[in-house]
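Next come the chains, spelled out residue by residue.
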Amino acid sequence: MKIHSATRATEAQRHRAKKNLCASVSLWLVIMISGVASTALAEPMFLAKQYTRCTACHYSPTGGGLLTPYGRLLSHRELSTTGASAVAPAAGTEDDPHGEQAFLYGALGDALGPLHLGLEMRPSHLRIGFPGGHQDLNLLMNLDLIGAVQKNGWTAYAMAGREPPNSAVRDGRTQPDAAFISYEHWVGYARDDGFGVRVGRFMPAYGVRFSDHTAYSRIYLDFDRNDQVYGLEVSDTMGPSLLQVTISPGKAEAILHDNSRRGFSMAGRWQLDVTPRTALVGSAIYRRSTDLDPKSGAVGGAFGFAPTQRISVWTEVDANLQTEARGGRSWIAVNETSVEAFRGLWLKFSPQLRTSGGAPGFSELRRLMLEADFLPRTHWNVDVSYYHDHNHTFEVDTSTLLAQLHLYL
Amino acid sequence: MKQGDVSVKCPLTVGGSFDAKTAALSGMLTTSAAQPSSLDGSLAVDLRTIDTGISLRNDHLREKYLEVDKGAGYDMAVLSEIALKGLNPEAPEGKGSFDGSLTLHGVKKMVGGPVEVRKAGAGLRVKASFPVNLPDYNIPEPRYLGVGVKNTVQVEVTFTTTP
């Protein structure tokens, strides 16, 4: 392969790479523990259950975050290993946040009125193995309170939480302490005919929002951590198609804390539901240059299909036209194949590739990710992921084991 | 009729759609002696077998909206009085359209749509589709916790005939 031969490292480069390994591992730690952009994660695997759109279960049109009452009930009754025998609200119910699936198991009753809340936390254990050693870490990956009110087509949505230590960036410097952050806060309006608009802070629509925020299609296109924008999103559903366009003066964190990285950006995403179990997605994003970054952009396509009620296969390929500080043009390919081995137990297999872009000093990366996601009951699931990352340019391997207890109250 | 499938595409109010399917299609159709473009007989679907892939959705669809336990006329959907247009009933291969009466939820209404007939061994492979407007059949608006099915669903019927 041409790119491969052009980017093979010399022995000196390999030596330098190994010397920098510790720095890379530290960076990887920061990536893994730093603010996870979404809370209740978007799960494209539910294409197998004939859910092609995020808004069936989430308030956010781009997925992730607080579940709607319908999403909570679906989690309780249909996606968890146990819970199917529970009595569900009667058909025709407009809005019923009661029952086990409600906030704090419904302990507050009607006290909150139309306000729906969710509390999310993820105590985790991380183990990163690298040549010559490994590093272990116990951490609380996130702790967020999310609220939403929905009435007459209007939605007001906000979350407040804790950005882990060594994650928040202020004026270009990573802060050693945990910090307050509101990853998303926005107001939106959606008409019955499918036209919608929202304004505020949110993740722009692009590609497939895989639940793993370190997936190559998220991490290298800046959709992995606190990469939300302040902006305006317009969306329209036209038959089986969904079009989402976002314009923004810049990334939210740059606007708030680091003006030198603030730059206009625009993103577009088009989805065609070919069948209830087959979807095509095309996306593009453009970011104007900032004081510190060159202009950048990406275009991509994704295809998802579910051959049965228990299997979904998503594949996304992106051309990264110029990354901010990581070299020239590169390709990213991510496949995620999910199998529901048993009710509530999803096994995922995800090979991923990022080419080097041909720029000196930048690497071709390959990953194999294996994941077991167990949803025994409403409000909590256990997720164990194993990543094998191979730097093909410098022939360096790292392996990562991440175990998470995901509590969603 | 030898083998048949019915698929109902249900568009969701929040975007996207799901298919409700069943293979419990039965019936007999013959060319009418009195009116060659018409077919005598009917096709019937057992609505108790319709499957959406999720138990909660199945329960609501069958019990709340279709009310399959309510008695005769509710547990089956029947398509009868079928008339073909643009097809020769004696050699009906090709594309055309049809009209017919659909009895659903105790209500009988005219429906119509495109039909395609192809040869399949000694018999024929028939594929027809038509929209169904749920309020026309006194079916309540399917809405649940803010998510619902739009009022008009698209029915696709596929079956193979025996000579």
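Once a new chain begins, its residue numbering starts again from 1 and follows that chain's sequence as written. Throughout, the order in which chains and ligands are written sets their labels, letters from A for the former and numbers from 1 for the latter. Residues qualify for local features only when their pLDDT is at least 70, as the model is predicted, and side-chain atom pairs are given and counted only at 80 or more; totals for whole chains, interfaces and linings, by contrast, use all residues. Each side-chain value is worked out from all heavy atoms of the structure, with water and hydrogens disregarded.

A. Spotlight on the overall build of chain A. In this text, helices come from DSSP runs of H or I with a minimum length of four residues, and strands from runs of E with a minimum of two, each type numbered from the N-terminal end. Along its length, chain A carries six helices and 19 strands. A buried classification covers 53% of the 409 residues belonging to chain A. In what follows, a contact means two residues having at least one pair of non-hydrogen atoms within 4.5 Å. Considering only intrachain contacts with a sequence separation of at least 6, the fraction spanning at least 24 residues in chain A is 56%. Working definition: with a 1.4 Å probe on protein chains only, accessible area under 20% of the residue-type maximum means buried, over 50% means exposed, and in between means partly exposed.

B. Representation of the pattern of salt bridges. Residues and elements named next belong to chain A. Salt bridges are defined as contacts in which a side-chain nitrogen from Lys or Arg sits within 4 Å of a carboxyl oxygen from Asp or Glu. Following the criterion strictly, the structure yields 23 salt bridges over all chains and no others. Two residues, Lys-49 and Glu-340, come together in a salt bridge whose shortest N-O distance is 2.9 Å. With Lys-49 in the loop between α3 (21–33) and α4 (69–79) and Glu-340 in strand β15 (residues 330–342), this residue pair connects regions lying 291 residues apart in the sequence. This pair shows no difference in class: Lys-49 is buried, exactly as Glu-340 is. For the salt bridge of Asp-258 with Arg-261, the shortest nitrogen-to-oxygen distance reads 3.9 Å. Overall, Asp-258 belongs to the buried group, its relative accessible area being 10%. Judged by its relative accessible area of 37%, Arg-261 is partly exposed. One continuous salt-bridge network, built from bridges that share partners, spans Lys-49, Arg-310 and Glu-340.

C. Highlighting the confidence of the model for chain A. Residue and element names in this part refer to chain A. Confidence of the prediction at every residue is given by pLDDT, a number between 0 and 100. In the predicted model, chain A carries a mean pLDDT of 85, and the fraction of residues at 70 or more is 84%. The model gives residues 1–9 a pLDDT under 50, and that stretch makes 18 contacts with residues more than four places away or in other chains. Overall, residues 35–40 carries pLDDT values under 50, and its contacts beyond four positions in sequence, including any with other chains, amount to 40 contacts.

D. Representation of the side chain of A:Glu233. With respect to the helices and strands, the residue A:Glu233 is situated in strand β9 (residues 229–238). Apart from residues no more than four positions distant in its own chain, A:Glu233 is found in contact with A:Pro61, A:Thr62, A:Gly196, A:Val197, A:Arg198, A:Phe202, A:Ala205, A:Gln244, A:Val245 and A:Thr246.

E. The state of the cysteines, seen in detail. A pair of sulfur atoms, both from cysteines and within 2.5 Å, is called a disulfide here. Following the criterion strictly, the structure yields zero disulfides over all chains and no others. Cysteine A:Cys54 remains unbridged, with the sulfur of A:Cys57 as its closest cysteine sulfur at 9.3 Å. Of the cysteine sulfurs around B:Cys10, a residue in no disulfide, the closest is that of A:Cys57, at 17 Å.

F. Up close: the nonpolar core. In this text, buried Ala, Val, Leu, Ile, Met, Phe, Trp, Tyr and Cys residues form a nonpolar core when linked through side-chain atoms within 4.5 Å. By size, the foremost hydrophobic cluster in this structure holds 65 residues, and its most contacted members are B:Leu102, B:Leu104, B:Phe130 and B:Val132. Here this core gets five residues from one element, more than from any other, and that element is strand β8 (residues 123–133) of chain B. Residues contacting B:Leu102, with those up to four places away along its chain left out, are B:Ala77, B:Val78, B:Leu79, B:Val107, B:Lys108, B:Lys109, B:Val111, B:Phe130, B:Val132 and B:Tyr137. Counting residues in hydrophobic clusters, the runner-up holds 28 residues, among them A:Met203, A:Tyr206, A:Tyr220 and A:Ala302.

G. Looking closely at the sheet that holds strand β5 (residues 76–85) of chain B. All names here are of chain B. What the nine strands build is an open sheet, ordered β2-β1-β11-β8-β7-β6-β5-β4-β3; its pairing is antiparallel. Across the chains shown, the open sheet's two edge strands, defined by having one partner strand only, are β2 (17–22) and β3 (25–31). Taking the axes of each pair of neighbouring strands and ignoring which way they run, one obtains an average angle of 20° across the sheet. At least two bridges found by DSSP between two strands are what make those strands a pair. Pairing of strand β4 (residues 38–46) with β5 involves seven bridges; the strand directions are antiparallel. Each bridged residue has a counterpart across the sheet, and for Leu-43 the counterpart in β5 is Leu-79. Helix axes are fitted only over the stretch in contact, all axes being lines through C-alpha atoms; the angle between N-to-C directions runs from 0 to 180 degrees.

H. The packing of α4(A) against helix α1 (residues 55–65) of chain B, seen in detail. Contact pair α4(A) / α1(B): the axes reach a minimum separation of 9 Å and the direction vectors enclose 100°. Between α4(A) and α1(B), the interaxial angle falls into the category roughly perpendicular. Only B:Ser55, B:Leu56 and B:Asp59 of α1(B) make contact with α4(A), whose side of the interface consists of A:Leu73, A:Arg77 and A:Glu78. Here the residues of the contact of α4(A) with α1(B) are counted per class, giving two nonpolar, one polar and three charged. In what follows, roughly perpendicular refers to angles from 65 to 115 degrees, roughly parallel to angles under 35, roughly antiparallel to angles over 145, and oblique to any angle outside these ranges. Each residue is assigned to one of three groups, with Ala, Val, Leu, Ile, Met, Phe, Trp, Tyr, Cys and Pro labelled nonpolar, Asp, Glu, Lys and Arg labelled charged, and all others, Gly among them, labelled polar.

I. Main features of the pairing of β8(B). Residue and element names in this part refer to chain B. Here six bridges tie strand β7 (residues 107–120) to β8, and the two strands are oriented antiparallel to one another. From the neighbouring strand, Val-117 faces β8, where its bridge partner is Val-126. Joining the antiparallel neighbours β7 and β8 is a turn of two residues, in which Gly-121 adopts a positive phi near 65°. As defined by bridge partners, β8 adjoins strand β11 (residues 152–160) across nine bridges and the pair is classed as antiparallel. By the bridge assignment for β11, Val-132 is matched with Val-153.

J. Fine view of α1(B). The set of residues buried in α1(B) consists of B:Leu56, B:Arg57, B:Asn58, B:His60, B:Leu61 and B:Tyr65. Buried positions along α1(B) lie against α4 of chain A together with β2 and β9 (143–144) of chain B. Positive phi appears at B:Glu67, one or two residues downstream of α1(B), with a value of about 50°.

K. Focus on empty space enclosed by the protein. Residue and element names in this part refer to chain B. Points on a 1 Å grid, built from protein atoms alone, make a cavity when a 1.4 Å probe fits but cannot get out and make a pocket when they are open with protein on both sides within 12 Å along at least 5 of 7 lines; residues with an atom within 4 Å of a point are the lining residues. Grid points are joined across faces, edges and corners, and a volume is the space filled by probe spheres set on the points. As enumerated under the stated definition, the model contains five cavities of 30 Å³ or more in all. When its volume is computed, the largest cavity comes out at roughly 650 Å³. Along the walls of the largest cavity sit 41 residues, with Val-8, Cys-10, Ala-20, Leu-61 and Leu-66 positioned nearest its centre. Among the elements that line the lining of the largest cavity, the one with the most residues is α1, at five residues. Looking at side-chain class alone, the lining of the largest cavity contains 36 nonpolar, three polar and two charged residues.

L. The environment of A:Leu137, seen in detail. Examined against the element boundaries, A:Leu137 turns out to sit in strand β2 (residues 133–151). A C-alpha to C-alpha distance of 37 Å links A:Leu137 and A:Arg288, two positions 151 residues apart in sequence.

M. Expanded view of the packing of aromatic side chains. Residue and element names in this part refer to chain A. The rule is short: rings of Phe, Tyr and Trp, with Trp giving its six-membered ring, pair when the centres are within 6.5 Å, and they are stacked under 30 degrees, edge-to-face over 60, tilted in between. Across all of its chains, the model carries ten aromatic pairs over all chains by this definition. Seen from their ring centres, Tyr-51 and Tyr-70 are 6.3 Å apart, and the 65° between their planes marks the pair as edge-to-face. With a gap of 19 residues between them, Tyr-51 in the loop between α3 and α4 and Tyr-70 in helix α4 connect regions that are remote in the sequence. Overall, the relative accessible area of 9% leaves Tyr-51 in the buried class. Overall, the relative accessible area of 9% leaves Tyr-70 in the buried class. Arranged with centres 6.4 Å apart and planes meeting at 55°, the rings of Tyr-59 and Tyr-157 form a pair that is tilted.

N. Examining the interface of chain B and chain A more closely. Contacts between the two partners involve 23 residues from chain B, matched on the other side by 27 residues from chain A. The junction of chain B with chain A conceals about 2100 Å² of combined surface from both sides, 54% of it contributed by carbon and sulfur atoms. Connecting chain B to chain A are zero salt bridges. Whenever a nitrogen or oxygen atom comes within 3.5 Å of another N or O atom, the pair is scored as a polar contact, on the condition that within protein one atom can donate a hydrogen and the other can accept it, and that pairs from neighbouring residues in sequence are kept only if both atoms are in side chains. Put simply, chain B and chain A have seven residue pairs in polar contact (both at pLDDT 80 or more) between them. The set of elements that each furnish at least two residues to the side of chain B that touches chain A consists of β2, α1 and β9 of chain B. The element that contributes the greatest number of residues to the side of chain B that touches chain A is α1(B), accounting for seven residues. Residue classes in the side of chain B that touches chain A are distributed as eight nonpolar, eight polar and seven charged. Joining two parts hides part of their accessible area as seen by a 1.4 Å probe, and the buried area is that hidden amount summed over both.

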